Amino acid sequence: MTTKMASTAIFSREMCKYWDKMGKSELKQIMKSLSVSDKDLELHLTPITNNTKHTYDIKRVLYEITTNAMKSLIKIEQAVSAFKEITDSCGSEVVSLLADVFCVVDVESSCSDEAPEQTKDDKRKILRRNFIQLVAACFHIVPELLMKERLELDTLESLQVIKSHQQFNQKYVRLKTKLFYKQQKFNLLREENEGYGKLITELNETKQDSSVTDVMVSNIKSLIGCFNLDPNRVLDVILEAFECQPHSSLFFISLLQSYITEPDTLCQILGFKFQFFQHTHTDQTPQTLYHITALLLQNRIIDLEDIYIHLKPTDSEIIEQHKITLVEARQTARRMNLVSLADKPEDKDQGDKGKDNADNNSNSNVKQTGDKQKLGLVEVLIHIGAIRYAQSIMDRLPPYTAPAYADVTQAICTLTHWLIEPVYARYGTVKGGKRRKVADYSKQTVPKQCQTFHDITADVVKLLTYLGPYLNEDPVLLVKLVRLGCAFIKEYNASSLQDSPEMVETLRGFLVIVDEVILPSLCLMDGNACIAEEIWSFIGQLSYQRRMRLYGLWMHQSYNSHEALVMKKANVLTKSKYVMKRLSTETTKPSGRLIGKLSHGNPAIVFEYVLNQIQWYDNFIMPVVECLKFLTSLSYDVLSYCIIEALANPEKERMKQEDTALSGWLQSLATFCGAVYRKYPIELASLLQFVANQLKAGKSHDLLILKEVIVKMSGIEITEEMTVDQLESLAGGEQLKAEGAYFGQIRNTKKSSQRLKESVTEHGLAVPLCVLMAQQRESIVYTSDLNQHVKLIGNLLDQCQDTLVQFGLFLATQLSSDDYSKHLPSIEQLHSVYHLSPDTAFFLARPKLIHALNTKTEELRRQEKSAQKGRSRGEVDSAEMKKQRYLASCDLVFEPVSDAVRPLIAARVWDDMTPAFYTTFWTLAIFDIYVPVSAYNNEIQKIKKTLDSIDENKDLPSSKKKKERDRCQALVDKIKDEMRKQEEHSERVLVRLRRDCDSWFQGKSRNTRNDMITAFLQLCLFPRLCFTAIDALYCAKFVHIIHSLKTYNFSSLLCFDRVFSDISYIISGCSENEASRYGRFVCAMLEIVMKWHKDKQAYEKECMTFPGFVTVLRASPSSTSKADQLSYENFRHVCHKWQFKLTKAVIVCLESSDFIQIRNTLIVLTKILPYFPMVVNLAQVVERRVERIRVEEKDKRQDLYILAMGYIGQFRLRKAMFIPEHEFHAKEKEVSKTGGGDGKLSGDSSAGSKGTTQANSESTADKTKEKSSSKSTNSATTGKSQTNKSTPGKTGTSTKAEASGDAVSADGHHGDAKKSGSSGGRETVTKESKPSSGRDKHSKIKDEDKSPAAAKSTSRKSDGITETERETKRRRVEASSATKVRSS
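Residues numbered from 1 in each chain as written. Predicted model: local features only at pLDDT ≥ 70, side-chain atom pairs only at ≥ 80, totals over all residues. Heavy atoms only, no water.

Caption draft 1: Representation of the nonpolar core. Among the nonpolar cores identified, the biggest contains 326 residues, and Phe672 and Phe1081 are the most heavily contacted of them. Contacts of Phe1081, omitting those with residues within four sequence positions, involve Leu1021, Leu1025, Ala1032, Cys1035, Ala1036 and Val1059. (Core = buried A, V, L, I, M, F, W, Y, C linked by side-chain atoms within 4.5 Å. Buried < 20%, exposed > 50% of the residue type's maximum accessible area, 1.4 Å probe, protein only. Contact = heavy atoms within 4.5 Å.)

Now the structure itself:
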């Protein structure tokens, strides 16, 4: 055929080469000649002649196109297009002809021998490959069925129509053998139809009762014997009859028990029945077969192991399918949350539809495809009450495989309803509510109904664990379980036998139900807020530890246990992203509703994503807080868990990369916590416990959370950026603080502060948090990593300090006095047991001591009232009586405290300073010693202005005007009454101080006054002034009071001198906030001395005759004279010396390259700017140093640059207030002229020279004594020494020394003086005569500050100076240089 066709080819090689131009046109002409009726052409089987006298056959046309395509003469696509045109024009009958042509060519290409021998194999491979490609491209023309009929098996395998031609051959042979050669099995029913007919009639018509079983067995045996029936077939007929009459189960069970002797035979027959339906893909296994199998298992006629092997699919197949399904669900969930940057707009609708479909699939347990015989058997077993067998099957399957089918779920829920009905009727029924009827299992052999809570854990818990998340199919049962759990928890909390085994086991069972059933089922419920509130009524009674544990298991385990929960998690996360992308301040309400709906069932997933967004974008905080108003109580509690989990994330760094500040995510979370806990009723115990645990671990970063929560919920904010007026207001009562010290937030925090108080007290966290914060504050400097920046350590220290003070103030204001006293340990315990420093211990104990004092005062008042019934109330409550009661109460309350603090400090300290003074200093507060009258008056004036504005407001209704006027007037009355009470209290405190002041400093030891001042500064002043800003002010006021009370043995002048002499060391050791507080203290001290410096009358009134300004210290206080006191002009010299000392210390710190020193110095300078610098030349030096820092640090350390800029700006505003040095204090010449009576400062008299020599000799002896005791001293008094001529043989004489201070040097400055103790029981203030060791490194300050006038005056005096004057000046210069060396 091939040769014949090739000799008369229709399509020449030229046509094939140019097919598009020539071949197609030829084909069209052929198709026209073929366009006659099918009847005439007879399907084109006969040849047809066209106009060109050529004869064509359609099979030949198809054949040539096929062979040309195989030989690559035309393209495959062109051949397929030609076939398409032919089939379209000639009809579908041509398709069969094309299949025939493919069949012929298939055979030819398989045995082609046209090529030479050496290239035969290669040629054949090319032809076969082209043929396969052509046929594969024609599948849309020729149906696959025709291909299977006509083509060879090898070709079909190459086309992938069949998998393997060998397997196909085997199946073909088997099928042909089965159809034509295998003998059919004989049908026994047809063989003996009469016998089986009688058997069937007997089984269906006889009275079916267990009483006739023996008769039935006898009849069946007779039929078997009579008709020679097959016993196994008879058993099969009995089973068929049983299937048709399941209501007669008792009869058939009894019949089968009597009939069969081998249970294996029965299992084999049942197995054949199950296997039959396994091979039949159209029919499902009938329920009747499951039913009789379950009944046979329940009555132990057959064993589960024998019938289980006949059920399909196998366990391994089910487990494998479960794994595949879970993996596919996770992959789908991962794809749903991938961010596609190439997403097309038109695909969004399809994507949304896909998400909705995924959501629907995850929310419903759809009946899956395939006949799962094991699960069908489980369903029936549960229905008939054979729980043990059902559990045995479900235990072999993967978790939640059986309840994935709705029938199994419904069966478990129905049985559970019946089991819990009695206990629910007793504990869970709502009064007046209607109850639904439940299915009756009383006739079934099921477990007994639950009568107690313990029965539920014994019988129901395991059954419910099989349900898992699929309890969402029966919300009524879920609510019943929740109400039963709620009733049990109430009983458990009220019981005294909580540790009994039965109660513990019952509680564990209910917790398992919540963990594995209730919470996962809530995930698959769409926005059911009522169910969520019901669940909260149950788990809300659990401790927060158990709740957090449940939430953790819910979030990290439940969502990964089943594919439905995996898909639900992915869908909720996708919707959460959708909502958060559209969240703004304008869309908080609609977005809040969406977030609320999502969080009703899946709060953990929603909040985890929301919190991640907040940590990255802090502008989300307030919109998110506003959105959370639509949450349930359960969602709020889960939000608290999510916050704690976000804080405890170990993968996140809590410090920024430069390690100088806390990370932004932590600050954002802290801000969010403060806002959300204040606005919504979320329990705080878990968050507070987390902070406490972090402190136990030595981590203080999370104190930022506690700080923000206290600020937002109580309004108590610790800040160093307070104005002077606010600081003054803090010295007043609570009403003044609320009006003038705070920023108005405290007025709106009553409810939130109450919630915070309850969380702290109910869980016993008040004292632990205080102690842990205080311990962390003490140890943070020593336990911090050496690689951490000092700035970060200082910030953490400030955070510990501020949070401690904040929390302590919160407890003092919110707790009642009795509760505070009950919770807080004693001072001795705080110090010795908890190792707290005195400043922290007294800070915490101060409210307790005040309460004890008030209680004791009230007790004494009642005793006096009962003892003096005949006297009038006015006599009993007179001012004098109140003072006496107060003094008596102080003695009773504070004496035990003084005894308690005695062993806490070295015994040698008490030789100079008594424990009573120490206790007095630490127990008093600024409210006790200072009344801010100006602050009170300012607030009253503000309120009066408000009253005037109310009267002038014509738009305000008269009723509101009256209401506002009454409110403002009542506020004025409260403030006035508070001021009056504080004045009375302050007066009583002052009486007590005046009474005790003479016994504070006893001076029993032989130490100098300098050591006593050192102890006072070290143990009292410095620890407290760095605690809070108001304590810094208190310290300054207390020093002023000690001075004003003329306290015995206390040198005010020396105390001031020690404070101002050298502040560089203190500044270097302070944190940022401590430097600010220290600056406030120095400013307050400068305010006191500058007031005296400015006003001579004030100085003479408050200092001149006071023992604190005595310059000659005698053993006997009875001898006083005007010469013992520091004159006003010498005091002005001292003030100049202090200004100079401060300047020197500031310059030292500013010239340092250390960041901390420079920063703290700038902070202190800013605080003391009102009173330092005051002298022009000193101010110029400071300005130049700060300006240099501003320029140098502009592009380096921005913190220092900002501080320097701020200081320079304020400094320049005060430039006009600076005064020249000669106006600040009198020069040496002026002092010499005017100082004859006050200090006799002229140095040219023989008495003065002699006195100077004697003073120097005494100073040398005292210096040796001080070196032996290793006590460094720094002088505080100025003036020229003058000594009385001592009489030999007399004792008790005194040496008049020059008032401590700088001796006037040649450049107009004053040297230091030293206070020394003499061996004769007296201490004399003298000048040092230590020779200078060279030019001091800070002497350049002196050169810069020297005014031209002073230099000119010095040069003029040096011309005619006497030898005595020269010697005096030399000694003064030596003393000044020695002091500078010592201080540096």
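From this point on, the discussion continues.
Caption draft 2: View of the packing of aromatic side chains. Per the stated rule, a full pass over the model turns up 47 aromatic pairs. Ring centres 6.1 Å apart and planes at 75 degrees place the aromatic pair Phe842 and Tyr918 in the edge-to-face group. On the criterion of sequence distance, the pair formed by Phe842 in helix H46 (residues 838–867) and Tyr918 in helix H49 (residues 915–923) is long-range, its members being 76 residues apart. What makes Phe842 buried here is its relative accessible area of 2%. On the basis of an interplanar angle of 80 degrees and a centroid distance of 5.1 Å, the ring pair of Phe921 and Phe1038 is categorised as edge-to-face. Here Phe921 is found in helix H49, whereas its partner Phe1038 is found in helix H54 (residues 1029–1044), with 117 residues between them in sequence. Of the residues examined, Phe921 reaches a relative accessible area of 0% and is grouped as buried. Classification of Phe1038 by relative accessible area gives buried; the value is 1%. Through pairs of rings, three or more aromatic residues link up here, namely Phe842, Trp910, Phe917, Tyr918, Phe921, Trp922, Trp1000, Phe1001, Phe1016, Tyr1034, Phe1038 and Phe1050. (Phe/Tyr/Trp six-rings, centres within 6.5 Å; stacked < 30°, edge-to-face > 60°. Helix = DSSP H or I, 4+ residues; strand = E, 2+ residues; numbered from the N terminus.)

Caption draft 3: Main features of the packing of helix H26 (residues 453–467) against helix H27 (residues 475–494). Running from N to C, H26 and H27 cross one another at 145 degrees; their axes reach a closest spacing of 13 Å. Crossing handedness for the pair H26 and H27: left-handed. Two secondary-structure elements touch here, H26 through Phe453, Ile456 and Leu464 and H27 through Leu481, Leu484, Ala487, Phe488 and Glu491. A class-by-class count of the residues in the contact of H26 with H27 yields 7 nonpolar, no polar and 1 charged. (Axes fitted to C-alpha atoms, helices over the stretch in contact; angles between N-to-C directions. Left-handed = near helix turned anticlockwise from the far one by under 90°. Nonpolar A, V, L, I, M, F, W, Y, C, P; charged D, E, K, R; others polar.)

Caption draft 4: Molecular detail of the confidence of the model for the chain. Of all residues in the chain, 78% have pLDDT values of 70 or greater, and the mean over the chain is 78. Within the chain, helix H35 (residues 633–647) carries the highest mean pLDDT (93), whereas strand E5 (residues 1323–1327) carries the lowest (33). In this model residues 340–370 is a low-confidence stretch, pLDDT under 50, and it forms 31 contacts with partners more than four residues away in sequence or in other chains. Low pLDDT, under 50, characterises residues 1114–1120; the stretch is placed with 8 contacts to residues that sit more than four places away or in other chains. (pLDDT = per-residue confidence, 0-100.)

Caption draft 5: A look at the packing of helix H37 (residues 685–696) against helix H42 (residues 766–783). Relative to each other, H37 and H42 sit at 35 degrees, their axes nearing to 10 Å. Viewed along their axes, H37 and H42 form a crossing whose handedness is left-handed. Residues Leu688, Ala692, Leu695 and Lys696 of H37 form the contact with H42, whose own contacting residues are Leu769, Leu772, Met773 and Gln776. Across the contact of H37 with H42, the residue classes tally to 6 nonpolar, 1 polar and 1 charged.

Caption draft 6: Inspection of the side chain of Ser635 at higher detail. Relative to the helices and strands, Ser635 is located in helix H35. Classification of Ser635 as buried rests on a relative accessible area of 1%. A polar side-chain atom of Ser635 sits 3.0 Å from the main-chain carbonyl oxygen of Ser599. (Polar contact = N/O pair within 3.5 Å; in protein donor to acceptor, adjacent residues only side chain to side chain.)

Caption draft 7: View of a nonpolar patch on the surface. On the surface, Leu175, Leu179, Phe180 and Tyr181 cluster together to form a nonpolar patch covering roughly 530 Å² of accessible area. By the element assignment, Phe180 lies in helix H11 (residues 165–180). With a relative accessible area of 62%, Phe180 lands in the exposed category. (Patch = residues over 30% accessible without salt bridge, like charges linked within 9 Å, V, L, I, M, F, W, Y side chains within 5 Å. Areas by Shrake-Rupley, 256 points an atom, 1.4 Å probe, with all protein chains shown as cover. Salt bridge = Lys/Arg side-chain N within 4 Å of Asp/Glu carboxyl O.)

Caption draft 8: Region of interest: helix H41 (residues 750–762). Here H41 contains 13 residues, and its C-alpha end-to-end distance of 18 Å stays within 8% of the 18 Å for a straight helix at 1.5 Å per residue. Listed as buried for H41 are Ser752, Ser753, Leu756, Lys757, Ser759 and Val760. Summarising the axial view, the buried residues of H41 lie within an arc of 165 degrees, below the 170-degree limit, and thus occupy one face. Residues Lys750, Lys751 and Glu762 are exposed on H41 and point more than 90 degrees away from its buried face. (Expected span 1.5 Å × (residues − 1). Arc of directions from axis to C-beta.)

Caption draft 9: Fine view of the pattern of salt bridges. If you walk through the whole model with that rule in mind, you get 50 salt bridges. Between Lys273 and Glu240 there is a salt bridge whose closest N-O contact spans 2.4 Å. Within this pair, whereas Lys273 is found in helix H17 (residues 263–279), its partner Glu240 is found in helix H15 (residues 231–244), the two being separated by 33 residues in sequence. Assessed through its relative accessible area of 36%, Glu240 is described here as partly exposed.

Caption draft 10: Structural view of the environment of Leu647. One can find Leu647 in helix H35. Take Leu647: its relative accessible area is 0%, and that puts it in the buried class. When the C-alpha positions of Leu647 and Ile705 are compared, they lie 9.4 Å apart, and in sequence the two are 58 residues distant.

Caption draft 11: The arrangement of H46 in detail. Along its 30 residues, H46 runs 40 Å from first to last C-alpha, staying within 8% of the 44 Å computed at 1.5 Å per residue. The largest bend in H46 amounts to roughly 40 degrees and is located at Ala845, with the proline Pro847 lying one to four residues further along. (Bend = angle between axes of the 7 residues up to and from the residue.)

Caption draft 12: Looking closely at the environment of Thr67. Summarising the element assignment, Thr67 is placed in helix H5 (residues 58–70). For Thr67, a relative accessible area of 13% corresponds to the buried category. Sequence separation of Thr67 and Phe102 is 35 residues, and the distance between their C-alpha atoms is 9.8 Å.

Caption draft 13: Highlighting the environment of Gln689. Residue position: Gln689 is located in helix H37. Classification of Gln689 as buried rests on a relative accessible area of 18%. It is 9.5 Å that separates the C-alpha atoms of Gln689 and Val760, two residues lying 71 residues apart in sequence. Those residues in contact with Gln689 that sit more than four places away from it in its chain are Tyr544 and Leu765.

Caption draft 14: View of unusual backbone geometry. Residue Lys312 is joined to Pro313 through a cis peptide bond whose omega torsion reads -10 degrees. Within the secondary structure layout, Pro313 lies in the loop between helix H19 (304–308) and helix H20 (315–336). In this structure, Pro1173 follows Phe1172 across a cis peptide bond, with omega equal to -5 degrees. Residue placement: Pro1173 occurs in the loop between helix H60 (1155–1167) and helix H61 (1176–1192). With a phi angle near 55 degrees, Asn228 is a residue other than glycine that sits in the positive phi range. Structurally, the position occupied by Asn228 is in the loop between helix H14 (213–227) and H15. Within the chain, Arg300 stands out as a residue other than glycine whose phi angle is a positive 60 degrees. In this structure, Arg300 sits in the loop between helix H18 (287–298) and H19. On the basis of relative accessible area, Arg300 is assigned to the exposed category, the value being 65%.

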